[in-house]
Amino acid sequence: MERLGAKGGTIVLPKGEWTSNGPIHFKSRIGLHVPEGTHLKFSRDPDHYLPMVFTRWEGTECWNYSPLIYAHGATDIAITGKGTIDGQGFEGFFIWRPKQRDSQQLLRKMGAEGVPVSERRFGPGHFLRPGFVQFVNCQRILIDGPRFIDSTFWMIHPVYCDHVTVRNVSLKSDHLNSDGIDPDSSTNVLIERCIFDVGDDGVAIKAGRDQDGWRVGRASSRIVVRDCEYRGTAGGGFAIGSEMSGGVHHVFVERYEMNDVIHGAYFKSNMDRGGAITDIFIRDIAIGSAQAAISFTTDYHGYRGGNFPTRFDNVQIENLSCGEAIVGLSFVGAANAPLGRVRVSNTVIGKAKTPLRSRNAVSLSFENVFVDGKAVQPTANSGPETFADTLRS
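Figured I'd write up the structure that's included with this text.

Notes on helix H1 (residues 101-113)
Turn by turn, an α-helix covers 3.6 residues, leaving residues three or four places apart pointing in a common direction.
Right, so step 1: Across its 13 residues, H1 extends 18 Å between first and last C-alpha, which sits within 8% of the 18 Å expected from 1.5 Å per residue.
Right, so step 2: Of the residues making up H1, those classed as buried are Ser103, Gln104, Leu107, Arg108, Met110 and Gly111. The arc enclosing the buried residues of H1, seen along the axis, measures out at 160°, which places them on a common side. Along H1, the residues that are exposed and aim more than 90 degrees away from the buried face are Arg101, Asp102 and Glu113.
Right, so step 3: Taken together, the buried residues of H1 touch strand S6 (53-57), strand S7 (60-64), strand S11 (121-122) and helix H2 (210-216).
Right, so step 4: Among the residues trailing H1, Gly114 stands out with phi positive, at a value near 70°.

What to know about the environment of Ser242
Right, so step 1: Tracing the backbone through its elements, the reader meets Ser242 in the loop between strand S22 (238-240) and strand S23 (248-268).
Right, so step 2: Expressed as a C-alpha distance, the spacing of Ser242 and Tyr266, which sit 24 residues apart in the sequence, is 9.6 Å.

A closer look at the nonpolar core
Right, so step 1: The biggest cluster of nonpolar side chains holds 85 residues, and the ones touching the most others in it are Phe135, Phe196, Phe238, Tyr256, Phe267 and Phe331.
Right, so step 2: Residue contributions to this core peak at nine residues, all from strand S24 (residues 276-297).
Right, so step 3: Counting residues in hydrophobic clusters, the runner-up holds nine residues, among them Trp57, Cys62, Met110 and Phe122.

Calculation notes
- Residues numbered from 1 in each chain as written.
- Predicted model: local features only at pLDDT ≥ 70, side-chain atom pairs only at ≥ 80, totals over all residues.
- Heavy atoms only, no water.
- Helix = DSSP H or I, 4+ residues; strand = E, 2+ residues; numbered from the N terminus.
- Expected span 1.5 Å × (residues − 1).
- Buried < 20%, exposed > 50% of the residue type's maximum accessible area, 1.4 Å probe, protein only.
- Arc of directions from axis to C-beta.
- Contact = heavy atoms within 4.5 Å.
- Core = buried A, V, L, I, M, F, W, Y, C linked by side-chain atoms within 4.5 Å.

Here it is in structure tokens:
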């Protein structure tokens, strides 16, 4: 271990197997190096992750059990090396998932009603799973090289962060909600050369949930995702949402390979989210098979009044290929907020049960888009009424 002091330093784990009976909390100018041949495991005992810390859970701020790796307000921090970091989540915090609904609904209610964050306390007696790696309000973060496995919840989750680089990382976790990397109200983010073998979305860009997201009012922007691979089977390769009420804009995705996905490029919101998804540029995407190669939805798990539709505008997708899909292209806006300026070009889907599904999408533009060998052009009110209908038909 290098000497640590006011100028910081790097903690180097020797090769071998290590167990952390509690979280690792970063301070500024500290690095953690996990070399090849090192296996760092985290305890499964929830009591080891107390006292509670400030966090954002599914888009709403609260106090909860500490993520396994955590920082708040730190600068210049890093996790490097080619070793393995193991959350031991499946037999640990994941067993809380069937018990989480009451706490989940309570937190959402607190966010909607503006309960002070200091009063949103979800430690003992509650069952909100803490994240794996979460940095909050941090600047200049580097995660380069490690293999992260068996997550507790979302895997790498920068919240309110600026200048984040995640590269050469592999993520393996089979159970639900094991999102790979979720930039959340964060800016200047680079994700490159990462492999996602996860039980949910590979990359999912977030920006807060409903009223609590509006209160915070921080967008995710200036995000680049490139040269990545999705190997999971239970999620989407790339997604924006559904917690995106602070807005998501200026996102660039290129050279992303996906195998058997539910959704390839997935834009998900509902009628309570508000916010806007704008200026998104996606190109050079290769998908093996999908339920939907491209999907825009405004009915993702809505549960209240539905008076705040999301605005979608200036989304460009080009050079996308997909071997087969149930739905090739699905564009669903709201009657009072139709999709705006979505352009798809040079896209080929080998075969699809439903080539095009469209509702309230008045500004679609297609150029050289082919499904089942036939050119496809935008058509109003095309395809089954609901996505579920496409699966049943």
